[in-house]
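Single-letter residue listing:
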Amino acid sequence: MSDAPDFLPTQSSLIGSIFFTALLALVILLFLTAQYYRLHLNVRRVKMVHQISDKVYNLCRSPESVSSLLAAHPTLSPGEAAKKLYGSEGVSVTESKPPHERAPATPEDLERAYQCGQFGPTRPSELFLRVFHDSLCPLEHDPLMGCCSPSLVGSCGVLPLTIIGPLPDICRHMSNLIARADREVFLATNYWMDSDASRLITDALKELSRRAGERGQKAVVKIMYDRGNAKQVLDNHQSVGEQEYTGKAIRLPSTQEAPHLDMEVLNYHRPMLGTFHSKFMVVDRKIAVISSNNIQDNDNLEMMTHLEGPIVDSFYDTSLISWHNALKPPLPSYNTPAREGGLPTFNQPSFHSLFDNSGRLHVPETGDARNLSQVVQDGASQRLPIHIGGDPHYDPDIASE
């Protein structure tokens, strides 16, 4: 008869589990390494380009873009549209190190760069054109190097608002834009975490659903973030199911909480090559915001710029190219470009009331605005509600914000 202690079977099971886990980790590591070397061996070595070629010039001057092709064929995925227009160039690096000294772009080079953009009635500065010229040269080897169709890389627009401040101030403005949306929101961020910042956004999505329901409509929402996982070795663009995106890590609203939203969530990461580090939002293809912050709490000083006009079409195009997968459902504004939609904020009388007849902002120094002591006095006599997660208070326009 054996006198083996009772714990031995449990110990054996534990050892087996550890062995299996270690073996699985080794297999995954070997697979990732193989994928890395497969990509590395397929990298093309190319010459560094110093001038805008006819190829790049013609791409920039073309009326075609991923956005325009999807407007004509809404059932295409953005990835398919990009491949039809620009092919599949793959990864490339320069065949040698860049020289320490390069001849600067000539006036003729800068004029050619200017002709590659759509800058409206104002000609950019020489410094801008030099930067723009150098940013176009790599499109020779990959037309989508800028993650935007070449015909939309150079554009123009207006900036009715810039915020430099703590992260909640930026998320408050984003939440107001979401609540005020008519039919669609595309939000892209590097990292999303359940937080005070994210609750401002999720509350706004619920408010958008409520308002859309009152209009008898459904608003379309696309949310994109980067939370890397092993599956993305095979497919960088992972669709996120409702059970996952409503979980404790993300806490986006469920279908029951936001019944009048058609919402898709995408997790995008490229193992071995890097993260999706963009932070922007496009609302109704009329407004774009680009910011420095993720959707998570921090103590940083952050910055956000609100843009309107034709440049919003460039952000919209970047949204589609980044999303890559088929849009289910498509964004409602697929055939209504921002260049045809005017400047929403500048059409508001409340916004014009912030400025004098010469276009200068009302400030205390000119006697047209309250000074600090008046602001303090008014604040003591009237308590305005704080717009925070869990207790939102939305404003009708920028002037009210």
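Presented here is a report on the structure given in the accompanying data block. Quick caveat: nothing in here was measured; it's all calculated off a predicted structure. (Residues numbered from 1 in each chain as written. Predicted model: local features only at pLDDT ≥ 70, side-chain atom pairs only at ≥ 80, totals over all residues. Heavy atoms only, no water.)

1. Quick word on a nonpolar patch on the surface
- Residues Phe-19, Leu-23, Leu-26 and Val-27 make up a contiguous nonpolar surface patch of roughly 390 Å² in combined accessible area.
- Take Leu-26: it is sitting in helix α1 (residues 8-41). (Patch = residues over 30% accessible without salt bridge, like charges linked within 9 Å, V, L, I, M, F, W, Y side chains within 5 Å. Areas by Shrake-Rupley, 256 points an atom, 1.4 Å probe, with all protein chains shown as cover. Salt bridge = Lys/Arg side-chain N within 4 Å of Asp/Glu carboxyl O. Helix = DSSP H or I, 4+ residues; strand = E, 2+ residues; numbered from the N terminus.)

2. Some points on helix α2 (residues 54-61)
- Those residues of α2 that sit buried are Val-56, Tyr-57 and Cys-60. All buried residues of α2 fall inside an arc of 100° around its axis, so they share one side.
- Of the surrounding elements, those touching the buried residues of α2 are α5 (107-115) and α6 (126-136). (Buried < 20%, exposed > 50% of the residue type's maximum accessible area, 1.4 Å probe, protein only. Arc of directions from axis to C-beta. Contact = heavy atoms within 4.5 Å.)

3. Focus on the packing of aromatic side chains
- Counted by the stated rule, this structure contains 10 aromatic pairs.
- Judged by centre distance (5.1 Å) and plane angle (70°), the rings of Phe-346 and Phe-351 are edge-to-face.
- A residue is classified by how much of its surface remains accessible, and Phe-346, at 29% relative accessible area, is partly exposed.
- Exposure remark for Phe-351: the relative accessible area of 4% places this residue in the buried category.
- Site record: aromatic cluster; members linked through ring pairs are Tyr-114, Phe-119, Phe-128 and Phe-132.
- Here the basic side chain of Arg-123 rests over the ring of Tyr-114, its NZ or CZ set 4.3 Å away from the ring centre.
- Cation over ring: Arg-285 sits above Tyr-316, and NZ or CZ is 3.9 Å from the ring centre. (Phe/Tyr/Trp six-rings, centres within 6.5 Å; stacked < 30°, edge-to-face > 60°. Lys NZ or Arg CZ within 6 Å of the ring centre and 35° of its normal.)

4. Quick notes on the pattern of salt bridges
- The tally for this structure, following the rule as stated, stands at 16 salt bridges.
- A salt bridge links Asp-169 to Arg-172; the shortest N-O distance between them is 3.0 Å. In this pair, Asp-169 and Arg-172 both sit in helix α7 (residues 167-180), three residues apart, roughly one turn of the helix.
- Residue classification places Arg-172 among the partly exposed residues on the basis of a relative accessible area of 24%.
- Across the salt bridge formed by Asp-194 and Arg-251, the nearest N and O atoms sit 3.1 Å from each other. Here Asp-194 is found in the loop between β4 (184-188) and α8 (196-214), whereas its partner Arg-251 is found in the loop between α9 (242-245) and β7 (261-270), with 57 residues between them in sequence.
- The partly exposed category is assigned to Arg-251, whose relative accessible area is 45%.
- Members of the salt-bridge network, linked through shared partners, are Asp-194, Asp-196, Arg-199 and Arg-251.

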